[in-house]
Amino acid sequence: MNNNNTAKSLWSRLSAWVEGDPVPCGEKAARPAPRPARKKMPHAKKFRHFVSFYRVMAVFFCFVIIGVLLVTVNALPLFGRADNPASNEVVDRYVEKGLEETGAVNIVAGMILDYRAFDTFGESSVLFLAITSVMILLMRDKNNTDRDEDLRTARELVVENKHEDVILQRVASLVIPCILLYGIYVILNGHLSPGGGFSGGAIAGAGLILYASSFGMIRVHRFFNQKTFTAITTSCLLVYACSKGYSFFTGANHLPTGIPLGTPGAILSSGLILPLDICVGLIVTCTMYGFYAMFTKGEI
(Lines give C-alpha, C1' and ligand atoms only; values in the text may rest on other atoms or scores of the structure.)
Protein backbone atom coordinates (compact mmCIF):
# COMPACT_ATOMS: atom_id res chain seq x y z
CA MET A 1 0.00 0.00 0.00
CA ASN A 2 2.83 2.29 0.89
CA ASN A 3 4.63 1.40 -2.30
CA ASN A 4 1.57 2.32 -4.34
CA ASN A 5 1.26 5.68 -2.55
CA THR A 6 4.95 6.35 -3.08
CA ALA A 7 4.67 5.52 -6.79
CA LYS A 8 1.67 7.79 -7.14
CA SER A 9 3.50 10.53 -5.29
CA LEU A 10 6.57 10.23 -7.53
CA TRP A 11 4.40 10.16 -10.64
CA SER A 12 2.51 13.23 -9.47
CA ARG A 13 5.75 15.09 -8.82
CA LEU A 14 7.10 14.11 -12.24
CA SER A 15 3.90 15.24 -13.94
CA ALA A 16 3.98 18.51 -12.03
CA TRP A 17 7.63 19.07 -12.97
CA VAL A 18 6.91 18.38 -16.67
CA GLU A 19 3.95 20.75 -16.65
CA GLY A 20 5.97 23.43 -14.89
CA ASP A 21 4.06 23.33 -11.62
CA PRO A 22 6.49 24.12 -8.76
CA VAL A 23 4.03 23.04 -6.07
CA PRO A 24 5.06 19.65 -4.60
CA CYS A 25 2.65 16.81 -4.41
CA GLY A 26 0.29 16.89 -1.47
CA GLU A 27 0.17 20.69 -1.32
CA LYS A 28 -2.69 22.57 -2.82
CA ALA A 29 -1.69 25.33 -5.11
CA ALA A 30 -3.19 28.63 -4.26
CA ARG A 31 -5.47 29.86 -6.93
CA PRO A 32 -4.29 33.06 -8.51
CA ALA A 33 -6.22 36.09 -7.48
CA PRO A 34 -8.72 37.11 -10.09
CA ARG A 35 -7.70 40.09 -12.18
CA PRO A 36 -9.54 43.23 -11.32
CA ALA A 37 -12.08 44.11 -13.90
CA ARG A 38 -11.07 47.01 -16.10
CA LYS A 39 -13.08 50.08 -15.64
CA LYS A 40 -14.98 50.95 -18.70
CA MET A 41 -14.09 54.42 -19.81
CA PRO A 42 -17.22 56.22 -20.92
CA HIS A 43 -15.35 58.17 -23.61
CA ALA A 44 -12.97 55.40 -24.73
CA LYS A 45 -15.16 54.36 -27.63
CA LYS A 46 -15.59 57.93 -28.82
CA PHE A 47 -11.84 58.51 -28.53
CA ARG A 48 -11.07 55.44 -30.63
CA HIS A 49 -13.52 56.62 -33.27
CA PHE A 50 -11.89 60.07 -33.22
CA VAL A 51 -8.40 58.57 -33.64
CA SER A 52 -9.57 56.46 -36.57
CA PHE A 53 -11.31 59.46 -38.17
CA TYR A 54 -8.17 61.60 -37.61
CA ARG A 55 -5.94 59.07 -39.31
CA VAL A 56 -8.28 58.67 -42.28
CA MET A 57 -8.57 62.45 -42.72
CA ALA A 58 -4.80 62.91 -42.38
CA VAL A 59 -4.18 60.41 -45.17
CA PHE A 60 -6.94 61.99 -47.25
CA PHE A 61 -5.57 65.52 -46.96
CA CYS A 62 -2.06 64.24 -47.64
CA PHE A 63 -3.20 62.74 -50.95
CA VAL A 64 -5.19 65.92 -51.74
CA ILE A 65 -2.07 68.07 -51.25
CA ILE A 66 0.01 65.68 -53.35
CA GLY A 67 -2.62 65.82 -56.11
CA VAL A 68 -2.72 69.65 -56.06
CA LEU A 69 1.06 69.84 -56.27
CA LEU A 70 1.18 67.36 -59.16
CA VAL A 71 -1.52 69.26 -61.08
CA THR A 72 0.32 72.56 -60.45
CA VAL A 73 3.64 71.16 -61.65
CA ASN A 74 1.97 69.69 -64.72
CA ALA A 75 0.47 73.10 -65.56
CA LEU A 76 3.84 74.87 -65.44
CA PRO A 77 5.28 75.89 -68.82
CA LEU A 78 8.12 73.81 -70.15
CA PHE A 79 11.61 75.13 -69.57
CA GLY A 80 13.25 76.62 -72.65
CA ARG A 81 10.13 77.29 -74.72
CA ALA A 82 10.08 80.41 -76.85
CA ASP A 83 6.90 81.69 -75.19
CA ASN A 84 8.45 81.24 -71.76
CA PRO A 85 11.40 83.67 -71.77
CA ALA A 86 13.69 83.91 -68.80
CA SER A 87 13.25 87.68 -68.73
CA ASN A 88 9.67 88.98 -68.75
CA GLU A 89 8.00 92.30 -67.98
CA VAL A 90 8.39 91.83 -64.22
CA VAL A 91 12.16 91.49 -64.44
CA ASP A 92 12.31 94.40 -66.88
CA ARG A 93 10.41 96.54 -64.37
CA TYR A 94 12.83 95.65 -61.59
CA VAL A 95 15.88 96.48 -63.73
CA GLU A 96 14.58 99.61 -65.44
CA LYS A 97 12.53 101.24 -62.66
CA GLY A 98 14.13 99.75 -59.56
CA LEU A 99 16.53 102.57 -58.77
CA GLU A 100 13.92 105.25 -59.48
CA GLU A 101 11.09 103.68 -57.46
CA THR A 102 13.03 102.23 -54.51
CA GLY A 103 16.15 104.39 -54.35
CA ALA A 104 18.30 101.30 -53.75
CA VAL A 105 21.47 100.84 -55.77
CA ASN A 106 21.32 97.12 -55.01
CA ILE A 107 18.43 95.95 -57.19
CA VAL A 108 18.08 92.70 -55.26
CA ALA A 109 17.57 94.58 -52.00
CA GLY A 110 15.01 96.82 -53.67
CA MET A 111 13.17 93.77 -54.96
CA ILE A 112 13.00 91.73 -51.73
CA LEU A 113 12.45 94.67 -49.36
CA ASP A 114 10.19 96.87 -51.48
CA TYR A 115 8.42 95.09 -54.34
CA ARG A 116 8.23 91.77 -52.49
CA ALA A 117 8.57 93.02 -48.92
CA PHE A 118 5.72 90.88 -47.59
CA ASP A 119 7.48 87.74 -48.87
CA THR A 120 10.54 88.71 -46.85
CA PHE A 121 8.30 89.40 -43.86
CA GLY A 122 6.95 85.86 -44.20
CA GLU A 123 10.49 84.47 -44.28
CA SER A 124 11.40 86.39 -41.14
CA SER A 125 8.24 85.13 -39.45
CA VAL A 126 9.18 81.56 -40.39
CA LEU A 127 12.55 82.01 -38.67
CA PHE A 128 10.80 83.34 -35.57
CA LEU A 129 8.33 80.45 -35.54
CA ALA A 130 11.15 77.94 -36.03
CA ILE A 131 13.12 79.14 -33.01
CA THR A 132 9.89 79.38 -31.00
CA SER A 133 9.09 75.75 -31.82
CA VAL A 134 12.59 74.69 -30.79
CA MET A 135 12.17 76.58 -27.52
CA ILE A 136 8.88 74.79 -26.82
CA LEU A 137 10.52 71.40 -27.39
CA LEU A 138 13.94 71.92 -25.76
CA MET A 139 13.46 74.64 -23.14
CA ARG A 140 14.69 73.42 -19.76
CA ASP A 141 12.19 73.93 -16.95
CA LYS A 142 10.88 72.05 -13.92
CA ASN A 143 8.69 69.82 -16.08
CA ASN A 144 11.39 68.28 -18.29
CA THR A 145 14.52 68.18 -16.10
CA ASP A 146 15.61 65.91 -13.29
CA ARG A 147 18.18 66.03 -10.52
CA ASP A 148 20.89 64.27 -12.53
CA GLU A 149 20.58 66.73 -15.38
CA ASP A 150 20.76 69.68 -12.97
CA LEU A 151 23.91 68.25 -11.41
CA ARG A 152 25.47 67.69 -14.83
CA THR A 153 24.66 71.26 -15.85
CA ALA A 154 26.13 72.64 -12.64
CA ARG A 155 29.28 70.57 -13.16
CA GLU A 156 29.63 71.92 -16.70
CA LEU A 157 29.32 75.47 -15.39
CA VAL A 158 32.07 74.85 -12.84
CA VAL A 159 34.34 73.41 -15.51
CA GLU A 160 33.49 76.29 -17.83
CA ASN A 161 34.50 78.85 -15.20
CA LYS A 162 37.68 77.19 -13.93
CA HIS A 163 39.15 75.57 -17.03
CA GLU A 164 39.39 78.30 -19.65
CA ASP A 165 41.11 77.88 -23.00
CA VAL A 166 43.49 80.83 -23.01
CA ILE A 167 44.57 80.44 -26.64
CA LEU A 168 40.97 80.24 -27.88
CA GLN A 169 39.93 83.25 -25.85
CA ARG A 170 42.86 85.38 -26.98
CA VAL A 171 42.26 84.59 -30.64
CA ALA A 172 38.50 85.04 -30.27
CA SER A 173 38.95 88.43 -28.60
CA LEU A 174 40.72 89.57 -31.77
CA VAL A 175 38.41 87.91 -34.29
CA ILE A 176 34.96 88.49 -32.76
CA PRO A 177 34.99 92.32 -33.01
CA CYS A 178 35.95 92.03 -36.69
CA ILE A 179 33.16 89.52 -37.33
CA LEU A 180 30.53 91.66 -35.60
CA LEU A 181 31.74 94.83 -37.30
CA TYR A 182 31.65 93.16 -40.70
CA GLY A 183 28.14 91.81 -40.02
CA ILE A 184 26.94 95.31 -39.13
CA TYR A 185 28.58 96.67 -42.29
CA VAL A 186 26.83 94.09 -44.48
CA ILE A 187 23.46 94.88 -42.87
CA LEU A 188 23.80 98.68 -43.16
CA ASN A 189 25.07 98.54 -46.76
CA GLY A 190 22.53 96.05 -48.04
CA HIS A 191 20.82 98.70 -50.17
CA LEU A 192 24.14 99.92 -51.60
CA SER A 193 26.14 96.74 -52.23
CA PRO A 194 25.69 92.96 -52.15
CA GLY A 195 24.50 91.90 -48.73
CA GLY A 196 21.55 92.73 -46.55
CA GLY A 197 19.79 91.57 -43.45
CA PHE A 198 19.96 87.83 -44.02
CA SER A 199 23.66 87.62 -44.83
CA GLY A 200 24.72 90.26 -42.30
CA GLY A 201 22.57 88.64 -39.60
CA ALA A 202 24.18 85.28 -40.31
CA ILE A 203 27.64 86.82 -39.88
CA ALA A 204 26.71 88.57 -36.62
CA GLY A 205 25.05 85.39 -35.32
CA ALA A 206 28.22 83.45 -36.03
CA GLY A 207 30.12 86.04 -34.01
CA LEU A 208 27.82 85.53 -31.02
CA ILE A 209 28.17 81.76 -31.29
CA LEU A 210 31.97 82.08 -31.33
CA TYR A 211 31.82 84.33 -28.26
CA ALA A 212 29.66 81.79 -26.39
CA SER A 213 31.96 78.93 -27.40
CA SER A 214 35.07 80.80 -26.30
CA PHE A 215 34.02 82.59 -23.11
CA GLY A 216 30.99 80.60 -22.03
CA MET A 217 27.29 81.28 -22.18
CA ILE A 218 27.28 82.85 -18.72
CA ARG A 219 29.05 85.91 -20.12
CA VAL A 220 26.62 86.04 -23.02
CA HIS A 221 23.74 86.12 -20.51
CA ARG A 222 25.07 89.43 -19.21
CA PHE A 223 23.87 91.22 -22.34
CA PHE A 224 21.73 88.66 -24.18
CA ASN A 225 19.13 86.44 -22.52
CA GLN A 226 15.62 85.23 -23.21
CA LYS A 227 14.03 88.59 -22.37
CA THR A 228 16.41 90.36 -24.73
CA PHE A 229 15.74 87.78 -27.44
CA THR A 230 11.96 88.16 -27.08
CA ALA A 231 12.08 91.96 -27.05
CA ILE A 232 14.33 92.22 -30.14
CA THR A 233 12.52 89.68 -32.33
CA THR A 234 9.02 90.86 -31.41
CA SER A 235 9.87 94.54 -31.87
CA CYS A 236 11.57 93.94 -35.23
CA LEU A 237 8.64 91.94 -36.59
CA LEU A 238 6.14 94.57 -35.42
CA VAL A 239 8.18 97.44 -36.90
CA TYR A 240 8.53 95.55 -40.19
CA ALA A 241 4.80 94.74 -40.43
CA CYS A 242 3.64 98.25 -39.48
CA SER A 243 6.06 100.12 -41.75
CA LYS A 244 5.40 98.03 -44.88
CA GLY A 245 1.69 97.87 -44.15
CA TYR A 246 1.63 101.67 -44.09
CA SER A 247 3.66 102.07 -47.28
CA PHE A 248 1.62 99.46 -49.16
CA PHE A 249 -1.66 101.03 -48.05
CA THR A 250 -0.67 104.50 -49.17
CA GLY A 251 0.86 103.25 -52.42
CA ALA A 252 -2.17 101.14 -53.34
CA ASN A 253 -4.44 104.13 -52.77
CA HIS A 254 -2.14 106.55 -54.64
CA LEU A 255 -1.41 108.55 -51.50
CA PRO A 256 1.96 110.14 -50.72
CA THR A 257 3.89 108.12 -48.18
CA GLY A 258 5.97 111.01 -46.94
CA ILE A 259 9.04 108.76 -46.80
CA PRO A 260 11.92 110.30 -48.80
CA LEU A 261 14.02 107.99 -50.96
CA GLY A 262 17.09 110.14 -50.47
CA THR A 263 20.08 110.30 -52.80
CA PRO A 264 20.91 106.94 -54.42
CA GLY A 265 24.28 105.76 -53.17
CA ALA A 266 24.06 107.56 -49.80
CA ILE A 267 23.87 105.53 -46.60
CA LEU A 268 20.60 107.26 -45.59
CA SER A 269 18.63 106.52 -48.73
CA SER A 270 16.18 104.04 -50.29
CA GLY A 271 13.28 104.89 -47.99
CA LEU A 272 12.34 102.04 -45.67
CA ILE A 273 14.81 99.52 -47.04
CA LEU A 274 17.57 100.44 -44.57
CA PRO A 275 15.43 100.08 -41.39
CA LEU A 276 13.87 96.89 -42.78
CA ASP A 277 17.35 95.48 -43.41
CA ILE A 278 18.23 96.25 -39.81
CA CYS A 279 15.10 94.47 -38.57
CA VAL A 280 15.79 91.40 -40.68
CA GLY A 281 19.44 91.34 -39.61
CA LEU A 282 18.53 91.45 -35.91
CA ILE A 283 15.98 88.65 -36.34
CA VAL A 284 18.46 86.43 -38.15
CA THR A 285 21.17 87.12 -35.56
CA CYS A 286 18.87 86.22 -32.67
CA THR A 287 17.60 83.12 -34.47
CA MET A 288 21.07 81.75 -35.20
CA TYR A 289 22.29 82.21 -31.65
CA GLY A 290 18.97 80.95 -30.30
CA PHE A 291 19.32 77.65 -32.17
CA TYR A 292 22.86 77.23 -30.85
CA ALA A 293 21.88 78.05 -27.27
CA MET A 294 18.82 75.78 -27.24
CA PHE A 295 20.62 72.76 -28.65
CA THR A 296 23.61 73.35 -26.35
CA LYS A 297 22.10 74.28 -22.99
CA GLY A 298 18.34 74.19 -23.46
CA GLU A 299 17.99 77.88 -22.67
CA ILE A 300 18.87 81.27 -24.11
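To be clear, the structure that these remarks concern was listed above.
Quantities reported herein were computed from a predicted structural model and do not represent experimental measurements.

Rules used in this analysis
- Residues numbered from 1 in each chain as written.
- Predicted model: local features only at pLDDT ≥ 70, side-chain atom pairs only at ≥ 80, totals over all residues.
- Heavy atoms only, no water.
- Helix = DSSP H or I, 4+ residues; strand = E, 2+ residues; numbered from the N terminus.
- Buried < 20%, exposed > 50% of the residue type's maximum accessible area, 1.4 Å probe, protein only.
- Contact = heavy atoms within 4.5 Å.
- Areas by Shrake-Rupley, 256 points an atom, 1.4 Å probe, with all protein chains shown as cover.
- Axes fitted to C-alpha atoms, helices over the stretch in contact; angles between N-to-C directions.
- Parallel < 35°, antiparallel > 145°, perpendicular 65-115°, else oblique.
- Left-handed = near helix turned anticlockwise from the far one by under 90°.
- Nonpolar A, V, L, I, M, F, W, Y, C, P; charged D, E, K, R; others polar.
- Phe/Tyr/Trp six-rings, centres within 6.5 Å; stacked < 30°, edge-to-face > 60°.
- Arc of directions from axis to C-beta.
- Polar contact = N/O pair within 3.5 Å; in protein donor to acceptor, adjacent residues only side chain to side chain.
- Core = buried A, V, L, I, M, F, W, Y, C linked by side-chain atoms within 4.5 Å.
- 1 Å grid on protein atoms, 1.4 Å probe; cavity = no way out; pocket = protein on both sides within 12 Å on 5 of 7 lines; lining within 4 Å.
- Points joined across faces, edges and corners; volume = space filled by probe spheres on them.
- Expected span 1.5 Å × (residues − 1).
- Disulfide = S-S within 2.5 Å.

Participant: Kindly report on the overall build of the protein, identifying the contributing residues and their values.
Facilitator: Scanning the protein from terminus to terminus reveals 11 helices and 0 strands. Expressed as a percentage of its 300 residues, the buried residues of the protein come to 26%. Sequence-distant contacts, at least 24 apart, represent 72% of the contacts inside the protein between residues at least 6 apart. If you sum the accessible surface of the protein, you get close to 21,000 Å²; carbon and sulfur atoms cover 66% of it.

Participant: Kindly report on the packing of helix H7 (residues 166–188) against helix H8 (residues 197–215), identifying the contributing residues and their values.
Facilitator: Viewed as axis vectors pointing N to C, H7 and H8 meet at an angle of 165°, and their least axial separation amounts to 8 Å. With respect to each other, H7 and H8 are oriented roughly antiparallel. At the point where H7 passes H8, the crossing takes the left-handed sense. Residue composition of the contact of H7 with H8, by class: 15 nonpolar, 10 polar and no charged.

Participant: An account of the side chain of threonine 250 is needed here, citing residue identities and associated values.
Facilitator: As for its position among the elements, threonine 250 is in helix H10 (residues 226–252). Accessibility expressed as a relative area gives 5% for threonine 250, which makes it buried. In contact with threonine 250, other than residues within four places in its own chain, are Leu255, Pro256 and Thr257.

Participant: Tell me what's going on with the packing of aromatic side chains, and back it up with residues and numbers.
Facilitator: Counted according to the given criterion, the structure contains 10 aromatic pairs. Aromatic pair tyrosine 182 and tyrosine 185: ring centres 6.2 Å apart, planes at 25°, arrangement stacked. Of the two residues, tyrosine 182 and tyrosine 185 are both situated in helix H7; the distance of 3 residues between them amounts to about one turn of the helix. Classification of tyrosine 185 as partly exposed rests on a relative accessible area of 45%. With 6.3 Å between their ring centres and 40° between their planes, tyrosine 289 and tyrosine 292 make a pair best called tilted. Here tyrosine 292 and tyrosine 289 lie together in helix H11 (residues 273–296), a separation of 3 residues that amounts to about one turn. According to the relative accessible area criterion, tyrosine 289 is buried, its value standing at 0%.

Participant: I'd like a description of helix H4 (residues 107–115), backed by residues and values.
Facilitator: For H4, the complete set of buried residues consists of Ala109, Gly110 and Leu113. Down the axis of H4, the buried side of the element spans an arc of 95°, and every buried residue falls inside it. At its buried positions, H4 is contacted by helix H3 (89–102), helix H5 (117–138), H10 and H11. Two or three places before valine 108, at the opening of H4, asparagine 106 has a side-chain oxygen 3.2 Å from that residue's backbone nitrogen.

Participant: Please provide a residue-by-residue account of the nonpolar core, values included.
Facilitator: Of all hydrophobic cores here, the largest spans 16 residues; its most connected members are Met135, Phe224, Phe229, Tyr289, Met294 and Ile300. For this core, the elements supplying multiple residues, two or more each, are H5, H8, helix H9 (217–220) and H11. The element that contributes the greatest number of residues to this core is H11, accounting for 4 residues. Excluding residues that lie within four positions of it along the chain, methionine 135 makes contacts with Gln226, Phe229, Met294 and Ile300. Listed in part, the 9 residues of the second largest apolar core include Leu113, Ile273, Val280 and Val284.

Participant: Quick one: what's the story with the side chain of serine 243, residue by residue and with numbers?
Facilitator: Turning to its location among the elements, serine 243 is positioned in helix H10. Polar side-chain contacts of serine 243 include one of 3.0 Å to the backbone oxygen of tyrosine 240. For serine 243, the residues in contact, after removing those within four places along its chain, are Leu272 and Leu276.

Participant: How would you explain the layout of surface pockets if you had to name every residue and give the values?
Facilitator: Within this model, the largest pocket holds a volume of roughly 310 Å³. Taken together, 16 residues form the lining of the largest pocket, with Ile184, Ala204, Leu208, Leu282 and Thr285 sitting closest to its centre. Sorting the residues of the lining of the largest pocket by element identifies H7, H8, H10 and H11 as the ones contributing at least two each. Partitioning the lining of the largest pocket into residue classes produces 12 nonpolar, 4 polar and no charged. One number sums up the size of the second largest pocket: a volume of about 270 Å³. Every residue lining the second largest pocket is counted, 14 residues in all, and those nearest its centre are Asp114, Lys244, Ser247, Phe248 and Thr257.

Participant: Help me get a handle on H11, residues and values and all.
Facilitator: Each full turn of the α-helix corresponds to 3.6 residues, which orients residues three or four apart in the same direction. Here H11 spans 35 Å end to end across 24 residues, near enough to the 34 Å set by a 1.5 Å rise per residue. Just beyond H11, the residue with positive phi is glycine 298, at close to 80°.

Participant: Which residues make up the state of the cysteines, and what are the values?
Facilitator: What the rule picks out here adds up to 0 disulfides. Residue cysteine 279 stays outside any disulfide, its sulfur separated by 4.5 Å from that of cysteine 236, the closest cysteine. Here cysteine 279 falls in the buried class, since its relative accessible area comes to 8%.

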